[in-house]
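# Observations on chain architecture
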Amino acid sequence: MSNKRDCDRIFALLSEYLDAEAAPGDCEEIERHIAGCKPCVEFLESLKKSVRLSRAFQTQEPPPPMSDDVRASLREAYRKSLQSRSEHKT
Amino acid sequence: MGAAVTTDSELARKLIEGADGAFENFVDVYYAKLFRYSYTMCSQREDAEEVAQDTLLRVFESLNQLREPDHLKSWVFRIAKNACLMKRRKSVFAPKTEISLDELKPKRVGDDGGMRIEIADWSALPEDLALDAEMRRQLQRAVHELPDSYKSVFLLRDIEELSTGEAADVLGVTTDVVKTRLHRARLALRKSLDEYMRESRA
């Protein structure tokens, strides 16, 4: 059923397919191909799981605590920005 | 209402209005996001801390320029991306590298009749997918080894959950380039995990 050229074409489109961003024509083609190609199904499943793992991984690293001085300078910049915004309005 | 702020555009609107708690909420949410992005891009905790704080300062200083609250996320990350580039320029010269799709294809065994691919048994991974410490290190290495332009797309799309259009806007490239780089980055990470799984279960 499946041949290498089809598999190669599908292979390049798998992320778009997973993200529901593949063009309708491509989407149909991928689904038709996958229905008859076990290796592509297997590969797609591994990619799906890998994406889920990567997403979980990156959320681990917490930032160092922000010092009071830095927070105060941010608050001051914010205050000035709000002030100039309200002055522009009036 | 009464519920915690959920979306980025809501957060931006409250920030612009000067609503109670908007400053703290924004700083807490975005400091963590910006640190995570810059740490992965710059690889140094100190640099990442500086980039995250400088970005927040730039954001507050130029809050007047934010016309569309819906664009908050891409606006903030564009500032962070440029800050990371400046840091890298100061420290190391990063060559532009591309990832080839062919290198990421699994090996095929057999002919059309009984063809299979040589990959690990991913179906054996539990659905709740917890990462063990060694696997986490493997993934960390793989992310670290991605060329910058791919790493950045991966972080913006899969970690910070920007849309394809937003990521394209941050990076100044087309949506097609974002899609291509994201796919290759994901394939490279998948390959690295696949190799780890095959080695550890051999």
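Residues numbered from 1 in each chain as written. Chains lettered and ligands numbered in written order. Predicted model: local features only at pLDDT ≥ 70, side-chain atom pairs only at ≥ 80, totals over all residues.

Scanning chain B for helices and strands turns up eight helices and two strands. Written out in order from the N terminus, the α and β elements of chain B read α-α-α-α-β-β-α-α-α-α. The buried share of chain B, reckoned over its 202 residues, is 39%. The contacts in chain B between residues at least 6 apart in sequence include a share of 62% that link residues at least 24 apart. (Helix = DSSP H or I, 4+ residues; strand = E, 2+ residues; numbered from the N terminus. Buried ≥ 20, exposed ≤ 12 C-beta atoms within 10 Å, placed from the backbone. Contact = placed C-beta atoms within 7 Å.)

Okay, unusual backbone geometry next. Residue and element names in this part refer to chain B. Even without a glycine there, the phi angle at Ser-43 is positive, about 70°. Mapped onto the fold, Ser-43 is located in the loop between α2 (22-42) and α3 (45-61). At Glu-161, a residue that is not glycine, the phi angle is positive and equals roughly 60°. Note on placement: Glu-161 falls in the loop between α6 (148-159) and α7 (164-171).

As a further point, take the packing of α2 of chain B against α3 of chain B. Residues and elements named next belong to chain B. Two numbers describe how α2 lies on α3: the axes approach to 8 Å, and their chain directions differ by 135°. When the interaxial angle is binned, α2 and α3 end up oblique. Remark: the crossing between α2 and α3 carries right-handed chirality. Between α2, through Val-27, Tyr-30, Tyr-31, Leu-34, Phe-35, Ser-38, Tyr-39 and Cys-42, and α3, the contact on the second element is made entirely by Arg-45, Asp-47, Ala-48, Glu-49, Val-51, Ala-52, Thr-55 and Leu-56. (Axes fitted to C-alpha atoms, helices over the stretch in contact; angles between N-to-C directions. Parallel < 35°, antiparallel > 145°, perpendicular 65-115°, else oblique. Left-handed = near helix turned anticlockwise from the far one by under 90°.)

Residues and elements named next belong to chain A. For Leu-18, the position within the fold is in helix α2 (residues 14-18). C-alpha separation for the pair Leu-18 and Tyr-78, spaced 60 residues apart in sequence, amounts to 40 Å. With residues near it in sequence (within four places) discarded, Leu-18 still touches Leu-47, Lys-48 and Val-51.

Below, the discussion takes up the nonpolar core. If you look at the biggest cluster of nonpolar residues, it comprises 51 residues, and the most contacted ones within it are Leu-34, Leu-56, Ala-80 and Val-153 of chain B. Taken domain by domain, this core gets at least three of its residues from each of domain 1 (8-91) and domain 2 (102-200) of chain B. In contact with Val-153 of chain B, other than residues within four places in its own chain, are Ala-167, Leu-171, Val-178, Arg-181, Leu-182 and Ala-185 of chain B. Among the nonpolar cores identified, the runner-up in size contains seven residues, and Ile-10, Phe-11, Leu-14 and Ile-30 of chain A belong to it. (Core = buried A, V, L, I, M, F, W, Y, C linked by C-beta atoms within 7 Å. Domains from an automatic or database assignment.)

Contacts between chain B and chain A engage 44 residues on the former and 37 residues on the latter. Of all elements in the fold, only α2, α3, β2 (116-118), α5 (133-145), α6 and α8 (175-200) of chain B reach the threshold of two or more residues within the side of chain B that touches chain A. Looking at side-chain class alone, the side of chain B that touches chain A contains 25 nonpolar, six polar and 13 charged residues. (Nonpolar A, V, L, I, M, F, W, Y, C, P; charged D, E, K, R; others polar.)

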